[in-house]
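Next come the chains, spelled out residue by residue.
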Amino acid sequence: MSNRIPQRSVFDAHLHIIDPRFPLIENDGYLPPAFSVDQYRERVTGFGIGGGAVVSGSFQGFDQSYLRDALARLGPTYAGVTQVPATVTDEEITELDAAGVRAVRFNVRRGGSATLDELDRLARRVHDVAGWHTELYIDARTLPDLASTLAALPAVSIDHLGLHRDGLRHLLKLVEQGVKVKATGFGRVDLDPADVMTAIVKTNPAALMVGTDLPSTRARRPFVDEDFELIAETVGEEHLDAVLWGNAAAFYRLAAGPERTDAAADS
């Protein structure tokens, strides 16, 4: 792994914690193996991870118990990205915000979240109540159907570089309007990550955030150390600190500074 990454603070903007102590739901007959907070910490040792975003998956549905537990264990430099039903109350949103949740997720690809019919109203409500932004796991080829809605929302991000090369032009139009994009899940995508990251940084360098997507459930290949090397080489020195830390830390409204929790902190 390139030695440039451990020397810098990294905000892992997309990770999953899978704890079988809490409810899990089969999705298309699939249940993921466990991936605990301790396993996550061990896997990212040496990366300079100082914070991150724990993202609810389709197999966690609307359960919040695992997320509350994970955020309490990971500490104040980690935020939660959760799925809530359209019937969620303002009180429930406020309670989740106090636990560290900062975003609502719409899992268009796998399900388990509120539906797109509820996107505009729910996204606006969680933002009005708690300042949350909206995240979408979606194939960018379908973005034209949602472009006007997404562009009008207060804050939005798209997972995994939009998944497909044929959606890049649609993704970049939203990037021009302030939508963020996660450079994550390189083992999931049908595109050249370097080409897409280059285009995003050229369009708006404040738009790109990075993440491991660990444990990479159902991906064709899991996250590898070289994914972060590719990010560093592609975005270049001028934008590296912002892409690794600053863009995401601002987006998730991180009050605390980077808190290095791995071996790199002592190097």
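Because the structure is a prediction, the values reported are computed rather than measured.

**A word on helix H4 (residues 119-130)**
Alright, step 1. The terminal C-alpha atoms of H4 lie 16 Å apart, and with twelve residues this matches the ideal 16 Å at 1.5 Å per residue to within 8%.
Alright, step 2. Backbone geometry just downstream of H4 places Gly131 in the positive-phi region, at approximately 80°.

**Considering the packing of helix H3 (residues 90-98) against H4**
Helix packing geometry: the angle between the two helix axes and the distance between the axes.
Alright, step 1. Two elements in contact, H3 and H4, have axes whose closest approach is 10 Å; the angle formed by their N-to-C orientations is 60°. In this view, H3 runs oblique relative to H4, as classed from their interaxial angle. In the packing of H3 onto H4, the handedness of the crossing is right-handed. Every residue of H4 that contacts H3 at Asp90, Ile93, Thr94 and Asp97 is listed here: Arg125, Val126, Val129 and Ala130.
Alright, step 2. Residue classes in the contact of H3 with H4 are distributed as four nonpolar, one polar and three charged.

**Overview of the pattern of salt bridges**
Alright, step 1. A full pass over the atoms with the stated rule returns 17 salt bridges.
Alright, step 2. The partner of Arg253 in a salt bridge is Asp97, with the nearest N and O atoms 3.8 Å apart. Of this pair, Arg253 sits in the segment after helix H8 (225-251) while Asp97 sits in helix H3, placing them 156 residues apart in sequence.
Alright, step 3. A relative accessible area of 39% means that Arg253 is categorised as partly exposed.
Alright, step 4. Measuring nitrogen to oxygen at the nearest pair gives 2.6 Å for the salt bridge that ties Lys182 to Glu135. Here the residue Lys182 occupies a position in strand E7 (residues 180-183), and Glu135 occupies one in strand E5 (residues 133-137), the gap between them amounting to 47 residues. Summarising the burial analysis for this pair, Lys182 and Glu135 share the class buried.
Alright, step 5. Look at the salt bridges and you will find they share partners, linking Arg105, Glu135, Asp159 and Lys182 into a network.

**As for the pairing of strand E1 (residues 10-15)**
Regular strands have side chains that alternate between both faces of the sheet.
Alright, step 1. Counting buried positions over the six residues of E1 gives six, a clear majority of the element.
Alright, step 2. In the sheet, E1 pairs with strand E2 (residues 49-55) via four bridges, with the strands oriented parallel. Bridge assignment links Leu15 to a residue of E2, and that residue is Val54.
Alright, step 3. As for the winding sense of the linkage, the β-α-β connection from E1 through helix H1 (residues 37-43) to E2 is right-handed.

**Side note on the packing of aromatic side chains**
Alright, step 1. Evaluation of the coordinates by the stated rule reveals seven aromatic pairs.
Alright, step 2. Taking the centre distance of 5.3 Å and the plane angle of 25° together, the rings of Phe11 and Tyr252 count as stacked. Placement of the pair is Phe11 in strand E1 and Tyr252 in the segment after H8, with a sequence separation of 241 residues.
Alright, step 3. Classification of Phe11 as buried rests on a relative accessible area of 1%.
Alright, step 4. Geometrically, the ring pair formed by Phe47 and Phe228 is edge-to-face, given 5.4 Å between the ring centres and 85° between the ring planes. Of this pair, Phe47 sits in the loop between H1 and E2 while Phe228 is found in helix H8, placing the two residues 181 residues apart along the sequence.

**Comments concerning helix H7 (residues 193-203)**
An α-helical turn contains 3.6 residues, so a residue and the one three or four places further along point in the same direction.
Alright, step 1. The complete set of buried residues in H7 reads Pro193, Ala194, Val196, Met197, Ala199, Ile200 and Val201.
Alright, step 2. Looking at the buried positions of H7, the neighbouring elements they touch are helix H6 (168-176), E7, strand E8 (208-210) and H8.
Alright, step 3. For H7, the N-terminal cap is Asp192; the gap from its side-chain oxygen to the backbone nitrogen of Ala194 is 2.9 Å.

**Let's talk about the sheet that holds E2**
Alright, step 1. Spatial ordering of the open sheet is given by E1-E2-E3-E4-E5-E6-E7-E8, a layout of eight strands whose pairing is parallel. This sheet does not close on itself; its edge strands, each paired only once, are E1 and E8. Each adjacent strand pair in this sheet contributes to an overall mean axis angle of 25°, direction not counted.
Alright, step 2. Summarising the sheet, strand E3 (residues 78-82) and strand E4 (residues 101-107) pair through three bridges and their orientation is parallel. Bridge pairing in E4 links Val81 to Ala103.
Alright, step 3. Against the sheet, H4 engages E4 and E5, with an angle of about 175° to E4.
Alright, step 4. The strands touched by H8 within the sheet are E1, E2, E5, strand E6 (156-158), E7 and E8, with E8 carrying the most contacts at an inclination of about 95°.

What counts and how
Residues numbered from 1 in each chain as written. Predicted model: local features only at pLDDT ≥ 70, side-chain atom pairs only at ≥ 80, totals over all residues. Heavy atoms only, no water. Helix = DSSP H or I, 4+ residues; strand = E, 2+ residues; numbered from the N terminus. Expected span 1.5 Å × (residues − 1). Axes fitted to C-alpha atoms, helices over the stretch in contact; angles between N-to-C directions. Parallel < 35°, antiparallel > 145°, perpendicular 65-115°, else oblique. Left-handed = near helix turned anticlockwise from the far one by under 90°. Contact = heavy atoms within 4.5 Å. Nonpolar A, V, L, I, M, F, W, Y, C, P; charged D, E, K, R; others polar. Salt bridge = Lys/Arg side-chain N within 4 Å of Asp/Glu carboxyl O. Buried < 20%, exposed > 50% of the residue type's maximum accessible area, 1.4 Å probe, protein only. Pairing = 2+ DSSP bridges. Right-handed = clockwise from strand over helix to strand, strands pointing away. Phe/Tyr/Trp six-rings, centres within 6.5 Å; stacked < 30°, edge-to-face > 60°. Polar contact = N/O pair within 3.5 Å; in protein donor to acceptor, adjacent residues only side chain to side chain.

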